[in-house]
Amino acid sequence: MGRRGSGTIFFTWCNLRCQYCQNYSISQLGEGEEVEDEKLAQMMLSLQAMGCHNINFVSPTHVVPQILSALSIAIKGGFRMPLVYNTGGYDSVETLQLLDGIFDIYMPDMKYSDEKVARELSGIKNYPQVNQDAVKEMHRQAGDLVVDEHGVAQRGIILRHLVLPQGLAGSEETFRFLAQEISKDTYLNIMDQYHPCYKAYDHPQLGCRITGEEYQEAIQLALHYGLRRLDARRAWVLP
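Source: prediction; values computed, not measured.

Engineer: Is there a simple way to explain the nonpolar core in this structure?
Structural biologist: As a rule of thumb, nonpolar side chains are buried together in soluble globular proteins. Core analysis: the largest hydrophobic core is formed by 68 residues, its most contacted members being Tyr 20, Met 44 and Ile 190. Filtering out sequence-adjacent residues up to four positions away, Met 44 remains in contact with Ile 9, Ile 55, Phe 57, Ile 67, Ala 70, Leu 71, Ala 74 and Phe 79. Counting 7 residues, the second-largest nonpolar core is a separate cluster that includes Ile 105, Met 107, Ala 153 and Ile 158.

Engineer: Please clarify how the pairing of strand S1 (residues 7–10) should be interpreted in this entry.
Structural biologist: Regular strands show a simple pattern: their side chains alternate between the two faces of the sheet. Going residue by residue along S1, you find Gly 7 and Ile 9 tucked away on one face and Thr 8 and Phe 10 left uncovered on the opposite face. Here S1 runs beside strand S2 (residues 55–58); their pairing, made up of 4 bridges, is parallel. Pairing of Thr 8 across the sheet is with Asn 56, part of S2.

Engineer: Would you mind going over the pairing of strand S7 (residues 187–191) with me for this structure?
Structural biologist: Within S7, 5 of the 5 residues are buried, which leaves it mostly tucked inside the rest of the structure. Taking every second residue as pointing to the same face, both faces of S7 are buried, with Tyr 187, Asn 189 and Met 191 on one and Leu 188 and Ile 190 on the other. The pairing of strand S6 (residues 153–162) with S7 spans 5 bridges and is classified as parallel. Bridging across to S7, Ile 158 finds its partner in Tyr 187. Crossover connection from S6 via helix H7 (residues 171–182) to parallel S7: handedness right-handed.

Engineer: Before we go on, may I ask you to explain unusual backbone geometry in this structure?
Structural biologist: Trans peptide bonds make up most of the peptide bonds, and negative phi angles are found at most residues other than glycine. The backbone of Ser 59 sits at a positive phi, close to 60°, despite the residue not being glycine. When you line up the elements, Ser 59 lands in the loop between S2 and helix H3 (64–76). With phi around 55°, Gln 166 is a residue other than glycine that occupies positive phi space.

Engineer: Would you take a moment to explain helix H2 (residues 37–50) for this structure?
Structural biologist: One turn of the α-helix equals 3.6 residues, which is why residues spaced by three or four share an orientation. Over its 14 residues, H2 runs 20 Å from end to end, which matches the ideal 20 Å to within 8%, given 1.5 Å per residue. Of all the positions in H2, only Leu 40, Ala 41, Met 44, Leu 45 and Leu 47 are classed as buried. When H2 is viewed along its axis, its buried side chains cluster within an angular range of 160° and face the same direction. More than 90 degrees from the buried face of H2, the exposed residues found are Glu 38, Ala 49 and Met 50. Packing partners of the buried residues in H2 comprise S1, S2 and H3. Just beyond H2, the residue with positive phi is Gly 51, at close to 95°.

The rules we used
- Residues numbered from 1 in each chain as written.
- Predicted model: local features only at pLDDT ≥ 70, side-chain atom pairs only at ≥ 80, totals over all residues.
- Heavy atoms only, no water.
- Core = buried A, V, L, I, M, F, W, Y, C linked by side-chain atoms within 4.5 Å.
- Buried < 20%, exposed > 50% of the residue type's maximum accessible area, 1.4 Å probe, protein only.
- Contact = heavy atoms within 4.5 Å.
- Helix = DSSP H or I, 4+ residues; strand = E, 2+ residues; numbered from the N terminus.
- Pairing = 2+ DSSP bridges.
- Right-handed = clockwise from strand over helix to strand, strands pointing away.
- Expected span 1.5 Å × (residues − 1).
- Arc of directions from axis to C-beta.

This is the structure:
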């Protein structure tokens, strides 16, 4: 699992507008500071000097050109760490193709299986198709997750799926897609930490936590489709 942590860099704003975002002060309200490419490069080098296992870019989709520019500067300064692309999964294949051979680990969300739900809860069009095409391209580039003898990720894709109340996330269709069109060896983190944030209380189905039964149902669906490489760091039973 590693002991030195992931060197995480959050980017202000996001290309999603999730009504329940737990990081809404950053993604929706613009908390953060503007930095030049040179400063971003220095952040990478500083995290490398601290001994982090990798550099983890959170919500990078809308700033890919700036990241690549800063990365070029950092490499000239001795940067040599694995890179993580940590995204909500609403990424174009064209953009991802520019990153082929640059990013070692892709960590996308698969948030929804229903286009109407995605539009209502995150303010975006055609999320399921865009998301599935993106995951296919990420897997083409990086493959299934590979870890070293200490359990530290070296390369591959780590898929995240947040269970939402009342089946809003469309878990079954997501798991079917992964099993049939990506790989049954996909490393899958089925997340149970949903709780109402930001504007969730304004939505009749989002104003409560998920139940233990809802989470267990999602786990069983994943197993049903043959996805057995599930993240084991969290307990599979909610209090």
